[in-house]
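# Observations on the three-dimensional arrangement
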Amino acid sequence: MNNLSRRSFVSFALASTSLLAMPAISTGSARPKVVVVGGGAGGATAARYIAKDSKGAIDVTLIEASKHYYTCFYSNLYLGGFRDYDSIGHSYDNLSANHGVNVVHDWAISVDSAARKVRLGSGATVSYDRLVLSPGIDIKYDSIDGYSVEAQTKMPHAWKSGTQVKVLRDQVLSMPKGGTFAMVPPPNPYRCPPGPYERISMVAHILKERNPTAKIVVIDPKNKFSKQGLFMAGWEKHYPGMVEWIDNDTHGGIKNVNPETMEIETDLDTFKADVACVVPAQRAGAIAMNAGVTDGDWSPIVPASMQTKADGNIYVLGDASVASAMPKSGFSANSQAKVAANHIRGELTDSRVFPAKFSNTCWSLVATNDGIKVGANYKAGEEKIEVVDKFVSKTDEGNAKRKKTYEESIGWYNGITTDMFS
Amino acid sequence: MVNFVFKFFIAISCLLIFRGLLAEPLLDGADFDYGEYLSGQCLTCHQSSSDEGIPAINGAEALYIAKKLILYKNKELENEVMQLVASALDKEQIASLAIYFNSLEK
Ligand SMILES: Cc1cc2nc3c(=O)[nH]c(=O)nc-3n(C[C@H](O)[C@H](O)[C@H](O)COP(=O)(O)OP(=O)(O)OC[C@H]3O[C@@H](n4cnc5c(N)ncnc54)[C@H](O)[C@@H]3O)c2cc1C
């Protein structure tokens, strides 16, 4: 009832503004409006599904800062030399050509949730009936003493879409013989739990081929990590003696990093690196903070719909949300986007709303043809997204199975990028 | 004569049971819109643009899809991801997915 009256009010308000302001072109603006901020795994999927499934009944605008989206997923495979950089880049052209999404390449600067308007970098404002925010993460530069925006060229995090991973690859390729690569993974919660360890595997893969006496030291702020047994067994098998992983209890905490001297100081010791990948703590993209839908670093959501707990007109997807049991992954963001898209269509066009169903699988590559995976199904609990069932690869499975798992990940990459951008 | 009638009766019953187990009943309760929604979960991986590593299933026979999903659900086919997906689907959801994917262009 509440929804119905809100909906009638929205259409009445829209009809009256268009009548007063722009009577000549009122037909288009009579459609309910959805604005999506962020054209990544969550946002591109949401924009595409809302536009596609509503068959033009909803006016969808996607605001994305970049002209091309370079996926973080598979960026480690680029680093390891398994993919070229162009193959992980995607354009937004099909979203407008095939589904009529209005793609605006600009930054969303602020959200006025009372007036339901988003202000862009250009100064223009875009109004919405429903707003979807999927801005991914911001890096908390000050979470590690000595790290900063400037430090990221010397000690790249390469944890966001873009060219930093190219810098990192060049640095690894030109590392001195027998040098040291240091990795500082982020503390929980962070984007892509197995990501740092896949990255270590890919760096080890390059070094084994080009610089076999080099060493990798992992200075972790955690005492355990995702798929730990599988990764550690893989390192021992493919890169024996090359990778040393030091947990937080052993090194006693990371005190600071120094990009000038390339040193990482812990309670235990000071580590000197030739190349260092330092990934600080993270939080929801700034626009989620600005919209007032965060609590601490992330946005709490209603599991059944992905609406924020703070504002029913605003949905937050992907890394920026508190999705409880679901990891911050591209697969999760894509899955959440479909739940939100279905709910938004229901709210705005009275289409049927089905119960939320979520899933995730994260594939990682340990070495050539050695793929591993972890996955789960989830359901919307009252307060939290809850695990229904899960699986993880086994340490003793054969080579053929591992090769198949890697091939499956290629299928997934093609699948999800088609699902986002076609 | 009695023997013939008896055999005929058995043959008809077998046929009915066979049809009952393997044919249309698998698609009972199929709901196209529900299938469209549920397909979202499959489309993250299964796309007609690629057959590499993961098969394209657009336009496949509805019964074929339903039977495969049941085999994964019963863990008679291997693949952890598919077993997980299928384990969370009931009969109506399987039927809905089957008719929806069948309706898509190859
Ligand atoms: C090394 C690495 C490996 C990974 N591997 C995998 C993997 O194998 N599988 C997997 O599932 N996931 C993987 N991930 C995780 C995955 O990349 C993220 O979880 C996923 O991208 C999250 O989607 P999102 O929509 O929340 O954010 P993103 O995909 O980051 O999208 C956010 C978008 O919003 C835009 N944006 C942000 N703020 C604004 C604004 N104010 N205005 C306009 N635009 C804005 C950004 O430009 C960006 O394009 C990996 C991540 C890393 C770093």
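Residues numbered from 1 in each chain as written. Chains lettered and ligands numbered in written order. Predicted model: local features only at pLDDT ≥ 70, side-chain atom pairs only at ≥ 80, totals over all residues. Heavy atoms only, no water.

### So, the overall build of chain A
- Tallying secondary structure elements over chain A gives 12 helices and 24 strands in all.
- When the 422 residues of chain A are sorted by exposure, 56% land in the buried category.
- The contacts of chain A with a sequence gap of at least 6 include a subset with a gap of at least 24, amounting to 67%.
- For chain A, the exposed surface amounts to about 16900 Å²; the carbon and sulfur share of it is 52%.
- Of note, chain A has its 46 positive side-chain charges centred 6 Å away from the centre of its 43 negative side-chain charges. (Helix = DSSP H or I, 4+ residues; strand = E, 2+ residues; numbered from the N terminus. Buried < 20%, exposed > 50% of the residue type's maximum accessible area, 1.4 Å probe, protein only. Contact = heavy atoms within 4.5 Å. Areas by Shrake-Rupley, 256 points an atom, 1.4 Å probe, with all protein chains shown as cover. Lys, Arg positive; Asp, Glu negative; His and termini not counted. Charge placed at Lys NZ, Arg CZ, Asp CG, Glu CD.)

### Comments concerning the pairing of strand S15 (residues 263-266) of chain A
All names here are of chain A.
- Covered by surrounding structure in S15 are Ile264 and Thr266 only, the residues Glu263 and Glu265 on the alternate face being uncovered.
- Between strand S14 (residues 254-258) and S15, which pair antiparallel one after the other, the connecting turn spans 4 residues, and Met262 there sits at a positive phi close to 60°.
- Inspection of the sheet shows S15 paired to strand S16 (residues 270-272) by 3 bridges, in the antiparallel sense. Counted as the bridge partner of Ile264 is Phe271 from S16. (Pairing = 2+ DSSP bridges.)

### Focus: the domain arrangement of chain A
All names here are of chain A.
- With domains assigned, chain A is organised as domain 1 (31-138 + 283-353) and domain 2 (142-280).
- Put simply, the middle of domain 1 and the middle of domain 2, counted by C-alpha atoms, are 30 Å apart.
- Contacts between the two partners involve 19 residues from domain 1, matched on the other side by 21 residues from domain 2.
- At the junction of domain 1 and domain 2, the tally comes to 2 salt bridges.
- Note that Arg191 is salt-bridged to Asp319, the shortest N-O span being 2.5 Å.
- Here domain 1 is connected to domain 2 by 10 residue pairs in polar contact (both at pLDDT 80 or more).
- Looking at the side of domain 1 that touches domain 2, the elements with two or more residues in it are strand S3 (68-70), helix H4 (75-79) and strand S10 (137-139). (Domains from an automatic or database assignment. Salt bridge = Lys/Arg side-chain N within 4 Å of Asp/Glu carboxyl O. Polar contact = N/O pair within 3.5 Å; in protein donor to acceptor, adjacent residues only side chain to side chain.)

### Things to note about the site of the ligand
All names here are of chain A.
- Surveying the vicinity of the ligand reveals 34 residues, the closest of which are Glu64, Tyr69, Ser134, Arg191 and Asp319.
- Within the backbone of Ala65, a nitrogen or oxygen atom sits 3.2 Å from a nitrogen atom of the ligand.
- The separation between an oxygen atom of the ligand and a polar side-chain atom of Ser134 is 2.8 Å.
- For the ligand, whose unbound accessible area comes to 990 Å², protein coverage reaches 94%.
- Those elements giving two or more residues to the shell around the ligand turn out to be helix H3 (41-54), H4 and helix H11 (330-349). (Near = heavy atom within 4 Å.)

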